[in-house]
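Chain and residue survey
Take a look at the letters that make up each chain.
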Amino acid sequence: MKTRTLVAAVAAAAVVTAGSIALLARAADPTVEQLLADHALLRRELDRCRDLGMKAVDDPRCKVADEAERRRFMGNGAGQYNPPPVQLFPNMPDKSVPAQQPSQTAPPPKTEPPHG
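In this report, the structure presented in the accompanying data block is examined. In this text the structure is predicted, and so the values were computed from the model without any measurement.

**Considerations on helix α4 (residues 60-74)**
With 15 residues, α4 extends 21 Å between its outermost C-alpha atoms, agreeing within 8% with the 21 Å of an ideal straight helix rising 1.5 Å per residue. Of all the residues in α4, the buried ones are C62, A65, A68 and E69. One side of α4 carries all its buried residues, which in axial view fall inside an arc of 120 degrees. Opposite the buried face of α4, at more than 90 degrees from it, the exposed residues are D66 and M74. Buried residues in α4 make contact with α2 (32-37) and α3 (39-52). With its phi angle positive at about 90 degrees, G75 sits one or two positions after the end of α4.

**Here we look at α3**
Helix length check: α3, at 14 residues, gives a terminal C-alpha distance of 20 Å against a target of 20 Å (1.5 Å per residue), a fit within 8%. Of all the positions in α3, only L42, E45, L46 and C49 are classed as buried. Down the axis of α3, the smallest arc covering the buried residues is 95 degrees, so these residues share one side. Those residues of α3 that are exposed and angled more than 90 degrees off the buried face are R44, R50 and D51. On its buried face, α3 sits against α2 and α4. If you check the start of α3, you find a side-chain oxygen 3.3 Å away from the backbone N of A40, and it comes from D38.

**Looking at a nonpolar patch on the surface**
Together, V86, L88, F89 and M92 make up an exposed nonpolar region whose accessible area comes to about 510 Å². Tracing the sequence through the fold places M92 in the segment after α4.

**Focus: the side chain of E45**
Tracing the backbone through its elements, the reader meets E45 in helix α3. What makes E45 buried here is its relative accessible area of 5%. Leaving out residues up to four positions away in the same chain, E45 has contacts with P30, L35, R61 and A65.

Cut-off values and rules
- Along each chain, numbering runs from 1 in the same order as the chain's sequence is written.
- Restriction of local features to residues with pLDDT of at least 70 applies here, the model being predicted, together with a cutoff of 80 or more for giving and counting side-chain atom pairs; totals for whole chains, interfaces and linings are based on all residues.
- As a convention, hydrogens and water are excluded, and side-chain values are obtained from all of the structure's heavy atoms.
- Under the DSSP-based scheme used, a helix requires at least four consecutive residues in state H or I and a strand at least two consecutive residues in state E, with every element numbered from the N terminus.
- An expected span of 1.5 Å times one less than the residue number is assigned to each helix.
- Categorising residues by exposure relies on relative accessible area from a 1.4 Å probe, with only protein chains included: less than 20% of the type maximum marks a residue as buried, more than 50% marks it as exposed, and the intermediate range marks it as partly exposed.
- Each direction from the helix axis to a C-beta atom contributes to the arc, which is the arc of those directions.
- In what follows, residue pairs with any heavy atoms lying within 4.5 Å of each other are defined as contacts.
- Pairs of N or O atoms within 3.5 Å make up the polar contacts considered here, provided that, within protein, one atom can donate a hydrogen while the other can accept it, and that residues adjacent in sequence are counted only when both atoms are side-chain atoms.
- Nonpolar side chains (Val, Leu, Ile, Met, Phe, Trp, Tyr) within 5 Å and like charges within 9 Å form the patches, drawn only from residues with over 30% relative accessible area and no salt bridge.
- The Shrake-Rupley method, run with a 1.4 Å probe sphere, supplies the accessible areas, and residue values consider only the shown protein chains as cover.
- Any carboxyl oxygen of Asp or Glu within 4 Å of a side-chain nitrogen of Lys or Arg constitutes a salt bridge here.

This is how it looks when you write it as structure tokens:
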């Protein structure tokens, strides 16, 4: 009878220990901010996710690493990029600006007779 009680106690202790380790490991998962602050840690997480293959889709740590990589690459999204408009044909007159009339002070163009 003592052996059974001892085995049950050891099994219960093992279950409690395994559960505690799992909770501590889950609590130690890096956050997006921690991954952004430590590039080497982010790289290790992304490498781990790459090695998981398709399992990485459902892995919560891989989702956090993916979000950190997206923010690192794309930024926080606070600003918008508004580049100046591109003038495709710089030698063409701008249709939005009214055309200027030629000045009257310029002499008329000279016409030469055709050669012949």
